[in-house]
Structure formats: structure tokens, C-alpha cells
Amino acid sequence: VLDYPAQISSTYEAEDGDPIYLDMPLPCVTNHTQAQRLAKIALLKSRQQVVMTLTVNLKSVFLMTQAVLPGMREARWGRIVNISSNAAFTGGRVGPHYAASKAGQVGLARALCKEVARKKITVNCVSPGFIETELLDFPIYLFTPKPVSR
């Protein structure tokens, strides 16, 4: 397991910084990110909440993928798996900032697979729904789909 939050953070802060490339080839990468703050768009008072969610859930996936691709291209083989969310497709109730960041992961995977498939690199996105764990601090039944009313 590799963890590069410091490098990703410093690249994010230094907007003109060079991309990070790993010194060793990695054949497989799983990008699993999670930043969410339950909020409707009207309740997002600070841009920082939105920027943090997009940075953790989308930009870090982009940067990590960018870091491992040169080694995969050279090896002519690789596997990239992004762990997105069902909110990418349903909008979810967590908030539009979260849904947009996870939908961005799906779009990134779709665009990237067209770019790297000839090098025998696959890019996939897994989008699970809620999973009942101790991290889930609300009952799942609150998030069952309801018809949209007019």
C-alpha cells in the first residue's frame, strides 16, 4: 500500500509544480478516496468544503493515476481501479459536491481507458452504494430511493 498525501497535497498547493512520477513501476493501483460532508448546495457556505471534496475525491485520483501511468506504459501492462460511489449516477443525498467528485472519477476512468487500452492497461470504476459499518453514522433506510416530486 502506497500513501502519497504529502506529495499530492504539495502538488496541489504548488499549482505550477511538476507532476509526481513514481520511481518504481506499479502494475496495479486502486484509488479509494473518501471526503464527504453532508450538505445541500444551499448549506455549503464555504468554498473550502467544495474544494476539499473535489481535491480528495477527484484531483488525488487524477494525480496518483498520472504518477503510475509512465511505468505501466513502459511495461505495456497495468490495472487501475477507482472506487467511486453510487452517488455518481444517482446524485445521492450526501451533496452535489460529493456526487460531482465521484462522477468525475467515472468520467476520468472512461476517458483514460480510451487513451491507454492499446498498452494493455485497463481502467475500471467500482461504484458501491452505502455499506453499513461503524463509519456510517446514520441509518441506511434514510437513504432509500424516493420518487422525485414536482
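Residues numbered from 1 in each chain as written. Predicted model: local features only at pLDDT ≥ 70, side-chain atom pairs only at ≥ 80, totals over all residues. Heavy atoms only, no water.

## Remarks on the overall build of the protein chain
Item 1. For the protein chain, the helix and strand inventory stands at 4 helices and 3 strands.
Item 2. Shown N-terminal to C-terminal, the secondary structure of the protein chain runs as helices and strands in the order α-β-α-β-α-α-β.
Item 3. Counting over 150 residues, the protein chain shows a buried share of 33%.
Item 4. Considering only intrachain contacts with a sequence separation of at least 6, the fraction spanning at least 24 residues in the protein chain is 71%.
Item 5. Put simply, the protein chain shows about 10,100 Å² of open surface, and 58% of that area lies on carbon and sulfur atoms. (Helix = DSSP H or I, 4+ residues; strand = E, 2+ residues; numbered from the N terminus. Buried < 20%, exposed > 50% of the residue type's maximum accessible area, 1.4 Å probe, protein only. Contact = heavy atoms within 4.5 Å. Areas by Shrake-Rupley, 256 points an atom, 1.4 Å probe, with all protein chains shown as cover.)

## Points about the nonpolar core
Across soluble globular proteins, nonpolar side chains have a tendency to be buried as a group.
Item 1. In terms of nonpolar packing, the biggest core is built from 12 residues, these being Leu-26, Val-29, Met-64, Val-68, Leu-69, Met-72, Ile-80, Ala-109, Leu-112, Val-116, Ile-121 and Val-123.
Item 2. When residues of this core are traced back to their parent elements, those giving at least two are helix H2 (47-75), helix H4 (96-116) and strand S3 (121-126).
Item 3. For this core, the element with the most residues is H2, which contributes 4 residues.
Item 4. Beyond its immediate chain neighbours, meaning those up to four positions away, Met-72 contacts Leu-26, Pro-27, Cys-28, Val-29, Trp-77, Gly-78, Arg-79, Ile-80 and Ile-121. (Core = buried A, V, L, I, M, F, W, Y, C linked by side-chain atoms within 4.5 Å.)

## Some points on the pattern of salt bridges
Item 1. A complete count under the given rule lists 1 salt bridge for this structure.
Item 2. Arg-73 serves as the salt-bridge partner of Glu-115, at 2.5 Å between the closest nitrogen and oxygen. With Glu-115 in helix H4 and Arg-73 in helix H2, this residue pair connects regions lying 42 residues apart in the sequence.
Item 3. Residue classification places Glu-115 among the exposed positions, given a relative accessible area of 52%. (Salt bridge = Lys/Arg side-chain N within 4 Å of Asp/Glu carboxyl O.)

## Overview of the pairing of strand S2 (residues 78-83)
Item 1. In this structure, strand S1 (residues 28-32) lies alongside S2, joined through 5 bridges in parallel fashion. Each bridged residue has a counterpart across the sheet, and for Cys-28 the counterpart in S2 is Arg-79.
Item 2. Here 6 bridges tie S2 to S3, and the two strands are oriented parallel to one another. Across the sheet, the residue bridging to Val-81 is Asn-124, located in S3. (Pairing = 2+ DSSP bridges.)

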